[in-house]
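# Coordinate analysis (summary)
Here is how the chains run, residue by residue.
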Amino acid sequence: MNWQSLLRLTCGLVITLAFLTQAASACPTASSTAVYKTTGKSYALAMETNPTPIQVGKVFSARLHICDHQARPFTGRLKAGATMPLHKHGMNYRPSVSVLGDGKFRLDGYVFHMPGMWQFSFDLKASDGTERLLIEHTLGP
Amino acid sequence: MIRLALLFACLFVGETGFLLAVTTSYAGDFSETERSVILSLGPWPPTPIRDSSNQASGNADAIALGEKLFFDRGLSKGNLLSCADCHQPDQNFADTVSLNRGHGKIDRHTPSVFNLRWSNWFGWGGEADSLWAQSIRPVLSATEMAATPAQVKNLLGNTPALACRFQKAFGKNPGDLTTDNVLVLAAKALAAFQETLVTGQTGFDRFRTALEAGDAAGIAKYPTDARRGLKIFAGSGRCTFCHFGPLFSNGEFGNIGVSHFTEDGRVDHGRYGGIRALKRSPWNLLGKYNDDPAKANAVRTRHVRTFQRNWGEFKVPSLRNVADTPPYMHNGSIQTLADVIEFYSSLDEDRLHTDGEQILRPLNLNERGKTDLLAFLQTLSAPVRRDRVPTDKPDRCPGIPAN
């Protein structure tokens, strides 16, 4: 191996390592300490709410961190909602989505107006299709 | 002597054992889940929170102005009606008829105006997102007080006692402000007064406190039939899905199958119409009259949307003082509380709109269950009291005696 090949290999390794390090630090979904996590076919999602815990009838917001399984941040469109599957109804509000970059999103305008089992839903729309991720949360009295 | 001592000891142990048994029995009336639900129905009252959208909230001078306005028939067309003519203080700030009349026929029952400071939506359809915006609606409604903004400004500007109060509350002369601004500030004073109307501690509240503290004597004071009714309410009846928290209301809206046709055959759009009216209103919290510049209090208004199921939905009313505020439902169509229980006990699921509340099921109560539930609801009553806001400023306005 001549010195040019060695240089090319070294540069390639450095760039790859830098990329992986950046991707991993930008999207630490797997290592997140968030209370809520879910994984789908293509994406993993971590969520934190504010305030936490969620209270019946109180407004709360959520921060999401979404990555694909190669730890690349999700850059597509996000649609969010929540329902009570057993009651067959959703919220009376539609959360708004703010894109924060690096796979991070802020959702405002959640209100769970009844105690019981709620299901967060997140539709992730990317150029290669849409994936729905769900998180269940039982809201106590 | 020893025999006597042993007898006392046995009696003491027996008595203690009996007390323990009573404690266990009373606490054991409820499952852990039911106990959690019961504790979530208090404590009462919640912490008073100042309304950040209303500069008059908690202001003693504004409260005094609001009280004067609440009883002033000058706020209506022809000086015929005041707020207090429908929201009557000696009737729990409500009235006793199904549907009242103002300047025209009113389609909805008069709700009470106590404990409103903890609400997020106002009116049976939630047409307003603040108490002050709600206070404007009946003043201008053609079927209620039918006043005009100009009339409100004229009243406040040309009645010395009111103008003086207005000046003290807001630091401005009504004559120097636009008509709309005087209307909004008058409504904010009305809201500040209504915020002070709070119901007191009830028999249920005392029981809840005792239950939380494990106070056997306090628990034992709560009537047995009410306790059985509470078990239905917090358990099998699943009433707390909607009648949740210290207000006994989740503050939102539900369709329980009560007709949404008015007496003359028109459709009351309920929550659907309420949201549309809210979005159109120049007085909603997204507008310029919100006193919070950041509008952080407008999150619900910003995110509420109309859904198909909103048709036929009406506000879930608080159950505090429910036994004292007949008739019931948004259209006053049920005359007694016993009949309300009968309504829920024999609920006709076929009458529920397909988009109605899916969790509703007939309670199918027997006669004792019905009387127990009634007994529980009767323990939710307490006199309405005024939360006085202390002030050390002497009152020098004309027509109003000095403090």
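Up top is the structure these notes are about.
Here is a short report on the structure shown in this document. All values derive from a computational prediction rather than experimental measurement.

## Comments concerning the interface of chain A and chain B
Contacts between the two partners involve 21 residues from chain A and, on the opposite side, 20 residues from chain B. Overall, the association of chain A and chain B removes approximately 1,900 Å² of surface from exposure, summing both partners, and the carbon and sulfur fraction of that is 61%. Looking at the side of chain A facing chain B, the largest losses of area belong to Asn92(A), Tyr93(A) and Arg94(A), adding up to 34% of the total buried there. Where chain A meets chain B, there are 0 salt bridges. Counting the contacts that link chain A with chain B gives 10 residue pairs in polar contact (both at pLDDT 80 or more). The element contributing the most residues to the side of chain A that touches chain B is strand β7 (residues 104-111) of chain A, with 3 residues. Looking at the side of chain A that touches chain B, its residues break down into 9 nonpolar, 8 polar and 4 charged.

## With respect to the packing of aromatic side chains
Overall, the coordinates contain 26 aromatic pairs over all chains when judged by the stated rule. Within the aromatic cluster, the residues linked to one another by ring pairs are Tyr36(A), Phe60(A), Tyr110(A), Phe112(A), Trp118(A), Phe120(A) and Phe122(A). Geometry around Trp121(B) places Arg271(B) over its ring, the cationic atom sitting 4.5 Å from the centre. The ring centre of Phe307(B) lies 4.8 Å from the NZ or CZ of Arg309(B), which sits over that ring.

## Observations regarding the pairing of strand β9 (residues 129-139) of chain A
Residues and elements named next belong to chain A. Where strand β8 (residues 116-126) meets β9, 11 bridges bridge the pair, whose relative direction is antiparallel. When the sheet's bridge partners are listed, Gln119 is paired in β9 with Glu136. Where β8 folds back onto β9 in an antiparallel hairpin, the turn is made up of 2 residues.

## Remarks on the environment of Tyr272(B)
Residue and element names in this part refer to chain B. Locating Tyr272 in the fold gives a position in helix α12 (residues 270-280). Separated by 37 residues in sequence, Tyr272 and Arg309 place their C-alpha atoms 8.1 Å apart. Tyr272 has contacts with Thr306, Phe307, Asn310 and Trp311, leaving out every residue within four places of it along the chain.

## Topic: empty space enclosed by the protein
Residues and elements named next belong to chain B. One pass over the structure, following the stated rule, counts 1 cavity of 30 Å³ or more. Size it by volume and the largest cavity reaches roughly 40 Å³. In terms of lining residues, the largest cavity is bounded by Leu75, Val139, Val152, Leu183, Ala186, Ala187 and Leu190. Per-element tally for the lining of the largest cavity: the top contributor is helix α8 (residues 179-194), with 4 residues. Partitioning the lining of the largest cavity into residue classes produces 7 nonpolar, no polar and no charged.

## Overview of unusual backbone geometry
The step from Asn50(A) to Pro51(A) runs through a cis peptide bond, and the omega angle for that step is 0°. Along the chain, Pro51(A) turns up in the loop between β2 (43-50) and β3 (59-68). With omega at 0°, the peptide bond leading from Thr52(A) into Pro53(A) counts as cis. Of note, Pro53(A) is situated in the loop between β2 and β3. Unlike most non-glycine residues, Asn92(B) shows phi in positive territory, near 60°. By the secondary structure assignment, Asn92(B) is in the loop between α4 (83-86) and α5 (131-140). At Phe248(B), a residue that is not glycine, the phi angle is positive and equals roughly 55°.

Quick notes on the rules
Residues numbered from 1 in each chain as written. Chains lettered and ligands numbered in written order. Predicted model: local features only at pLDDT ≥ 70, side-chain atom pairs only at ≥ 80, totals over all residues. Heavy atoms only, no water. Contact = heavy atoms within 4.5 Å. Buried area = accessible area lost by both parts, 1.4 Å probe. Salt bridge = Lys/Arg side-chain N within 4 Å of Asp/Glu carboxyl O. Polar contact = N/O pair within 3.5 Å; in protein donor to acceptor, adjacent residues only side chain to side chain. Helix = DSSP H or I, 4+ residues; strand = E, 2+ residues; numbered from the N terminus. Nonpolar A, V, L, I, M, F, W, Y, C, P; charged D, E, K, R; others polar. Phe/Tyr/Trp six-rings, centres within 6.5 Å; stacked < 30°, edge-to-face > 60°. Lys NZ or Arg CZ within 6 Å of the ring centre and 35° of its normal. Pairing = 2+ DSSP bridges. 1 Å grid on protein atoms, 1.4 Å probe; cavity = no way out; pocket = protein on both sides within 12 Å on 5 of 7 lines; lining within 4 Å. Points joined across faces, edges and corners; volume = space filled by probe spheres on them.

All we've got here are geometric facts, nothing functional implied.
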